[in-house]
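Chain by chain, the residues run as shown.
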There are 2 protein chains.
Amino acid sequence: MASNIPDIVISRLPIYLRALERLAQEGYEVTSSLELGKRLGISSAQIRKDLSHFGGFGKQGTGYRIAFLTEQLRQVLKIEREWDVALVGAGDLGNAIAHYKGFANRGFHIVHIFDNDPGKVGKQINGGFTILPIQDIPRVIQESGVRIAMIAVPAEAAQAVADTLIASGVKAILNYAPITLKTPPDVHVQYIDPVIHLQRMTFYLNYTP
Amino acid sequence: MASNIPDIVISRLPIYLRALERLAQEGYEVTSSLELGKRLGISSAQIRKDLSHFGGFGKQGTGYRIAFLTEQLRQVLKIEREWDVALVGAGDLGNAIAHYKGFANRGFHIVHIFDNDPGKVGKQINGGFTILPIQDIPRVIQESGVRIAMIAVPAEAAQAVADTLIASGVKAILNYAPITLKTPPDVHVQYIDPVIHLQRMTFYLNYTP
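Residues numbered from 1 in each chain as written. Chains lettered and ligands numbered in written order. Predicted model: local features only at pLDDT ≥ 70, side-chain atom pairs only at ≥ 80, totals over all residues. Heavy atoms only, no water.

1. As for the overall build of chain A
When helices and strands are tallied, chain A shows eight helices and ten strands. Scored against the burial criterion, the 209 residues of chain A give a buried share of 52%. In chain A, the proportion of contacts linking residues at least 24 apart, taken out of those at least 6 apart, comes to 54%. Looking at chain A as shown, the accessible area adds up to about 9600 Å², and 53% of this sits on carbon and sulfur atoms. Averaging the positions of the 21 positive and the 19 negative side-chain charges in chain A gives two centres separated by 7 Å. (Helix = DSSP H or I, 4+ residues; strand = E, 2+ residues; numbered from the N terminus. Buried < 20%, exposed > 50% of the residue type's maximum accessible area, 1.4 Å probe, protein only. Contact = heavy atoms within 4.5 Å. Areas by Shrake-Rupley, 256 points an atom, 1.4 Å probe, with all protein chains shown as cover. Lys, Arg positive; Asp, Glu negative; His and termini not counted. Charge placed at Lys NZ, Arg CZ, Asp CG, Glu CD.)

2. Remarks on the environment of B:Asp186
All names here are of chain B. Inspection of the secondary structure puts aspartate 186 in the loop between β9 (172–175) and β10 (188–191). Taking C-alpha positions, aspartate 186 is 6.9 Å from lysine 171, a pair spaced 15 residues apart along the chain. Within the local environment of aspartate 186, its side chain forms a polar contact with the side chain of lysine 171, the two groups lying 2.8 Å apart. (Polar contact = N/O pair within 3.5 Å; in protein donor to acceptor, adjacent residues only side chain to side chain.)

3. Regarding the packing of aromatic side chains
Residues and elements named next belong to chain A. Tallying each qualifying case throughout the model produces four aromatic pairs over all chains. When the centroid spacing of 5.0 Å and the interplanar angle of 85° are considered together, the rings of tyrosine 100 and phenylalanine 103 count as edge-to-face. Over the aromatic face of tryptophan 83 sits the side chain of arginine 81, whose NZ or CZ is 3.7 Å from the ring centroid. (Phe/Tyr/Trp six-rings, centres within 6.5 Å; stacked < 30°, edge-to-face > 60°. Lys NZ or Arg CZ within 6 Å of the ring centre and 35° of its normal.)

4. Looking at the interface of chain A and chain B
In this complex, chain A contributes 63 residues to the contact, which on the side of chain B involves 63 residues. Taken together, the two surfaces of chain A and chain B that pack against each other cover about 6700 Å², and 64% of this comes from carbon and sulfur. Taken together, the connections running from chain A to chain B amount to four salt bridges. The salt bridge involving A:Asp193 is made with B:Arg18; its shortest N-O contact spans 2.8 Å. Here chain A and chain B share 22 residue pairs in polar contact (both at pLDDT 80 or more) between them. Considering every element that reaches the side of chain A that touches chain B, the biggest residue donor is helix α8 (residues 194–202) of chain A, with nine residues. (Buried area = accessible area lost by both parts, 1.4 Å probe. Salt bridge = Lys/Arg side-chain N within 4 Å of Asp/Glu carboxyl O.)

5. Regarding the sheet that holds strand β3 (residues 83–88) of chain B
Residue and element names in this part refer to chain B. Spatially, β7-β4-β3-β8-β9-β10 is the arrangement adopted by the six strands of the open sheet, whose pairing is parallel. Two strands in the sheet have a free side with no partner beyond their single neighbour: β7 (132–133) and β10. In this sheet, strand β4 (residues 108–115) lies alongside β3 in parallel orientation, the contact comprising six bridges. Its bridge partner being in β4, valine 88 is matched across the sheet by phenylalanine 114. (Pairing = 2+ DSSP bridges.)

6. Let's talk about the sheet that holds strand β4 (residues 108–115) of chain A
Through backbone hydrogen bonds, the strands of a sheet pair up, either in parallel or in antiparallel fashion. All names here are of chain A. Ordered by their spatial adjacency, six strands build an open sheet running β7-β4-β3-β8-β9-β10, and the pairing between neighbours is parallel. The sheet terminates laterally at β7 (132–133) and β10 (188–191), the two strands that pair on one side only. Across the sheet, helix α6 (residues 137–144) touches β3 (83–88), β4 and β7, and the angle it forms with β4 is around 160°. (Axes fitted to C-alpha atoms, helices over the stretch in contact; angles between N-to-C directions.)

7. Looking at the nonpolar core
Of all hydrophobic cores here, the largest spans 96 residues; its most connected members are A:Met150 and B:Met150. Apart from residues no more than four positions distant in its own chain, A:Met150 is found in contact with A:Val85, A:Ala86, A:Leu87, A:Val88, A:Ile97, A:Phe103, A:Ile110, A:Leu174, A:Tyr176 and B:Leu198. (Core = buried A, V, L, I, M, F, W, Y, C linked by side-chain atoms within 4.5 Å.)

8. Here's the deal with the side chain of B:Gln199
As for its placement among the helices and strands, B:Gln199 is situated in helix α8 (residues 194–202). Once residues lying within four places of it in the same chain are set aside, the contact partners of B:Gln199 are A:Pro14, A:Leu17, A:Leu77, A:Ile79, A:Arg106 and A:Phe108.

9. Some remarks on the environment of B:Thr31
Residues and elements named next belong to chain B. Counting through the fold element by element, threonine 31 comes out in strand β1 (residues 30–31). Overall, the relative accessible area of 4% leaves threonine 31 in the buried class. Sequence-wise, threonine 31 and arginine 65 are 34 residues apart; in three dimensions their C-alpha atoms are separated by 6.6 Å. With sequence-adjacent residues up to four places away left out, threonine 31 is seen in contact with Leu20, Leu23, Leu36, Gly63, Tyr64 and Ile66. Within the structure, threonine 31 has its side chain in polar contact with the side chain of glutamate 35 (distance 3.1 Å).

10. A word on the relation of the copies chain A and chain B
By a simple turn and slide, chain A fits onto chain B: the slide is 0.0 Å along the axis, the RMSD is 0.0 Å, and the turn is 180°. On the angle and the small slide along the axis, the relation comes out as a two-fold axis. If distances are taken from each C-alpha of chain A to the rotation axis, the shortest is found for A:Ala96, at 3.1 Å. (Least-squares fit on C-alpha atoms with pLDDT ≥ 70 in both.)

11. Points about the packing of helix α6 (residues 137–144) of chain B against helix α7 (residues 155–167) of chain B
Residues and elements named next belong to chain B. α7 packs onto α6 with a crossing angle of 40° between their chain directions and a minimal axis gap of 9 Å. Our pair here, α6 against α7, has a crossing hand that is right-handed. Within the contact between the two elements, α6 uses Ile137, Pro138, Ile141 and Gln142 and α7 uses Thr164, Leu165 and Ala167. Class assignment of the residues belonging to the contact of α6 with α7 gives a composition of five nonpolar, two polar and no charged. (Left-handed = near helix turned anticlockwise from the far one by under 90°. Nonpolar A, V, L, I, M, F, W, Y, C, P; charged D, E, K, R; others polar.)

12. Examining the pairing of β4(B)
Residue and element names in this part refer to chain B. Judged by how many residues are buried, β4 sits mostly within the fold: six of eight residues are covered. Considered for its hand, the β-α-β crossover made up of β3, helix α5 (residues 92–99) and β4 is right-handed. Looking at chain direction, β4 and β7 are connected through two bridges and run parallel. From the neighbouring strand, phenylalanine 114 faces β7, where its bridge partner is leucine 132. (Right-handed = clockwise from strand over helix to strand, strands pointing away.)

13. Some details on unusual backbone geometry
In this structure, A:Lys78 is a non-glycine residue whose phi angle is positive, near 65°. Mapping A:Lys78 onto the fold places it in the loop between α4 (66–76) and β3. Under the relative-accessibility criterion, A:Lys78 is labelled buried at 17%. Not every positive phi belongs to a glycine, and B:Asn105 is a case in point at roughly 70°. By the element assignment, B:Asn105 lies in the loop between α5 and β4.

Pasting the structure below:
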């Protein structure tokens, strides 16, 4: 079943899940594709079509039970469990990622932090992590079986870091470095580059004098 | 011309531009849609089609002059000029954004940083910014005419911050808070939520014991 579903559909599911979690926090127990669509700026027809790939979750006219739909989506995305994540890079960005509280409760926790700066290696970060040297990636990743990593190193270093992570068994990379990575077909990569996002918007702005 | 071009095409242009800048850094003066495609994992036909919206940049068989194409794309995206950006939120994430050196040379620089924590207001950040109180957003934004803002506040505060920014004239928001914002049609929003990116990948991972 997994191979039949377009990537673009999969990419929307975490957005639905986040909206459902927010509705639950606000005290709602049921919702509808119409309400979800209004919140997300997505057509209700699109939402229903996306969810239909995974079985009918709602009854016509009665909407979706939020707790049930949330659980189903967590199972589809495989985050009804916790995933260990390795972080490479303990600079300003890596430090912010290490302190980010948003990973907990949403399926992820950082278990290793690596850096290549001898001045940082051995130091504690966020109360519990000791920064490990980047040379330890193969041993540590293979021992712990971590499959997901985040790369927060300069662009020039990112490809080599990715190569090392992938050789050690990592299958999913969230890359914050402003560079497109070359990876084998069975490795998934997502990108975060704030400048790309800003540049996607300036096109639509009028000049101010 | 601008209104005819699909958003999805516009969204790819910053990726092309980043790849061209990297090629230039590596010393190249010319490239081809084939080479760009290989670097980016995008078909050369797609690249040529996207660029054709903006006039023919290359000659058949001779490829693209990188400096020329770079300049054309910067003009299309309106980043041959510098844009002022306001940052709201000076916590761990806001601090990392304030220190991020990647904005310079790519069209953006932060000019104001706001926070609602009285313990932070008045403090200096990154050697040059004094953190301003969030209540100053209307006055400061209107005085300086800033059109672009980044939101790095908790989810519960993000909508109110967005409303204030938009009322003050902001037309483009990069939202790091894990929530979908409600905005008028003439305001553009881009999102960065690392958990969404991670959840887009776990679907494809096999379970480890």
